[in-house]
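An overview of the molecular structure
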Amino acid sequence: MSKIQTLRFRRPIEKDKNEYAPKPVAARHTGILQDQLRRAARPPFVPEFSVVLRILLIFRVTAAMYSNLQDCDEVFNYWEPLHYLYKGYGFQTWETSPQYAIRSWAYTLLWLLPSKFLSWTLRETGKRPAFFFVRAALGTICAVCEGKLYETVRRKINNRVARYMLFMLAANAGMWNAATALLPSSFAMYATMLALSHAFVPPSNQDGQRTLAAVVYFTVGAVLGWPFALALAIPFVFEELFVFGADKVPAKDKLEWQLNRGIRLLLCGAGAALILIPIIVIDSYFYGKVAAVFWNIVKYNVFPDAARGPDLYGTEPWYYYFLNLFLNFNILLPMALLSLPALAITYRIDRRRLGNAVPSAEQSSPFRILALRLLPMYVWIGILSIQPHKEERFMYPVYPLICFNAAVMTYLLRGWIETAYIKITKSPYRASRSKLFRWSTLTIVLLTAFISLTRILALWKYYHTPMTIVYQFEKHEIPRLLNITGLLETPLPPPEEYRQRQEETREDEQRIDLSPIKEFGLRICYGKEWHRFPGHYLVPDGIRVDWIKSEFDGMLPARFHETHDGIRSRVLGTRRIPEGLNDLNKEEPMHYVQVSSCDYLVDLDFPHDPIESKHEPRYVLDEKTWERVTCLPFLDVRHSSRLTRAFWLPGQMWQSRNTFGEYCLLRNRRSVEMKIEEIHNAHGSV
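Read on for an overview of the structure. Keep in mind that this is a model prediction, so the values were computed, not measured. (Residues numbered from 1 in each chain as written. Predicted model: local features only at pLDDT ≥ 70, side-chain atom pairs only at ≥ 80, totals over all residues. Heavy atoms only, no water.)

Tallied over the entire structure, the rule returns 47 aromatic pairs. Between F533 and W547, the aromatic rings sit 6.1 Å apart at their centres with planes inclined by 85°, giving edge-to-face as the arrangement. With F533 in the loop between β2 (523-526) and β3 (544-547) and W547 in strand β3, the pair connects residues that are 14 residues apart, well separated along the chain. For W547, a relative accessible area of 1% translates into the label buried. A connected cluster of aromatic rings, assembled from ring pairs, spans F76, F91, Y526, W530, F533, W547 and F552. Directly above the ring of Y347 sits R351, whose terminal nitrogen or CZ lies 4.2 Å from the centroid. (Phe/Tyr/Trp six-rings, centres within 6.5 Å; stacked < 30°, edge-to-face > 60°. Helix = DSSP H or I, 4+ residues; strand = E, 2+ residues; numbered from the N terminus. Buried < 20%, exposed > 50% of the residue type's maximum accessible area, 1.4 Å probe, protein only. Lys NZ or Arg CZ within 6 Å of the ring centre and 35° of its normal.)

Listed below in structure tokens is the structure:
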């Protein structure tokens, strides 16, 4: 037997050629951005939606409990009208007068259900729990919207980008403030996130639901929230009309394709516009006349006459938003602003990161699609920066997009480092084993989280006092009055012992019924601190809040017509044109009371650098008339370092650069003693 074997090589036929031809590298996932290292390894860890929701809920509910009320407009234009629907009394601004009608009662009515939820389910009738439950509901809605946006970014952009964005959203000072604010701009932020969770999916003629959902959410955010938020939809509309997206369109079919896209967008817009009907009906019902609030807002802000308009309430330089955003987003702001130029650089030096295929004339470039995802932030900041009147809350709708753009920039920066590393070492294998890239992105995420934490702590420790003062009033001063007049069913121990026991146990020994305080007819007054009044939700029923004259010469809120018979009677109040309100920001003396009629006074004093005037004397020094109930530290911005007042760090070296005043709750000695004596006499007490 021969030990020779013969090998015969057969020329491959056409079928075999296709089988053995080199195959293109498979995409890591379906997103626009593609990882270039460790492509065959397991994808990077990204949490599922349920885990993401839990993470975000921890941050948002915590913010609901501990964040400040950042804007007096939130209190007077939204919390006070909501309190009026809830309790039948509260402050009213000119914006909610039927004469002007530029605040939507449909939006306010939306939050009446969570406001009453605890009283319906747990028989909890306290206003303070209702206040925090509404904020927790706002935080929960925000967390869900953030989670939906995260899911779309994970599927359609990149796993790593989604992970970076998640932690930037969660541990961020800007989102800490915006997520639980009862403001239309926050609501517009929620709606924008939901709209973008659909708009970030590449458009296709076969996917009409994507277009309809995005248009509906953009419309809801604009009509029920803030009309100007519709500007964030400009890149979406452009993409819908002119970008192929997921479609492959031959040149001969382009006109028909564009016509179909245009008709679809118009039909979706017409369908979404139906949302206007119930909103106009609700607002018209509460105002007692036909009211298109969204148009009134646009008309007042965009087409004011010479004597009116938003500029009456202050103007700021063009760079105001950049300074403010840097305070809230620290290093994320410059990264977000550089994201679009960085994408152009990546397109030139690392094009494979945007996908392997070179698009033909019949397809859309991934570069163009991702650029349109980054564009809304630039549109929003550009439009608002040229407006003279600027406020921090106007930036809320774009907060999540700043985090998204910064996350994309972080990913592109990681790609540049990978490219440079491979070019230097000439070893993709060594690059795949290196931890340099992981540590570079982790450093960015941890650094911005740390800076944001110091900002959040600064807001709490330096500026939370106005909310703490009214808490002290409710939890200590009112029970003291009820106790010494015998109006409590179970007498309390001596004041010092009672206070110490509460501080040690961190909970009340018993539930105290504060309703008898109505017999006192107490009045608490605000002067120059009117803009830090936290709202009637945090002031017990039976306590009247009034204004005293200060150096402020603008218009202060008036009062809603007080009602007691449910929501139908409230409508009679919302339809009344209140006296003493105007849209010219002119002072109205009828809103003031004499300081001598105040039983309690909230005032801010700076003993190290006292400021005194005719209408703003140092009440705290008038010890014959006023007695300190409690005084807490409040940061003096004028005499504190820019750095240490913006961020909080422990240690004497840091804190020594700050100066604090005293934020005080003062008691009118004579007035309160007289009312205590009257209650004693009325109840036959000794």
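That was the structure; now back to the text.
Our next topic: the packing of helix α11 (residues 234-242) against helix α18 (residues 366-385). At a minimum axis distance of 8 Å, the contact between α11 and α18 shows a crossing angle of 150°. It follows from the interaxial angle that α11 and α18 lie roughly antiparallel. Of the residues in α18, those in contact with I234, P235, F238 and E239 of α11 are I369, L372, R373, L375, P376 and V379. The residue makeup of the contact of α11 with α18, split by class, is eight nonpolar, no polar and two charged. (Axes fitted to C-alpha atoms, helices over the stretch in contact; angles between N-to-C directions. Parallel < 35°, antiparallel > 145°, perpendicular 65-115°, else oblique. Contact = heavy atoms within 4.5 Å. Nonpolar A, V, L, I, M, F, W, Y, C, P; charged D, E, K, R; others polar.)

Reading across the sheet, the five strands line up as β3-β2-β5-β7-β6 and stay open at both edges, with mixed pairing between neighbours. Both outer strands of the open sheet, β3 and β6 (626-635), are each paired with one neighbouring strand and no more. On average, each strand axis in the sheet is inclined to that of its neighbour by 25°, with strand direction left out of account. Bridging between strand β5 (residues 600-605) and strand β7 (residues 660-668) involves six bridges; their strand directions are antiparallel. (Pairing = 2+ DSSP bridges.)

What follows deals with helix α10 (residues 208-225). With 18 residues, α10 extends 25 Å between its outermost C-alpha atoms, agreeing within 8% with the 26 Å of an ideal straight helix rising 1.5 Å per residue. Where burial is concerned, most of α10 is hidden: 13 out of the 18 residues are buried. (Expected span 1.5 Å × (residues − 1).)

One pass over the structure, following the stated rule, counts 36 salt bridges. Of the charged contacts, one joins R308 and D583 as a salt bridge, the two residues approaching to 2.7 Å between their closest N and O atoms. Of this pair, R308 sits in the loop between α14 (293-302) and α15 (320-329) while D583 sits in the loop between α24 (567-574) and β5, placing them 275 residues apart in sequence. By sharing partners, the salt bridges in this structure join D71, D73, E95, R103, E391 and R393 into a single network. (Salt bridge = Lys/Arg side-chain N within 4 Å of Asp/Glu carboxyl O.)

Our focus in this paragraph is the side chain of R353. Locating R353 in the fold gives a position in the loop between α17 (339-349) and α18. Assessed through its relative accessible area of 3%, R353 is described here as buried. Reaching out from R353, the side chain makes a polar contact with the side chain of D350 at a distance of 2.5 Å. Within the local environment of R353, its side chain forms a polar contact with the side chain of Y411, the two groups lying 3.4 Å apart. In contact with R353, other than residues within four places in its own chain, are I32, L33, Q34, D35, Q36, T346, Y411, G415 and E418. (Polar contact = N/O pair within 3.5 Å; in protein donor to acceptor, adjacent residues only side chain to side chain.)

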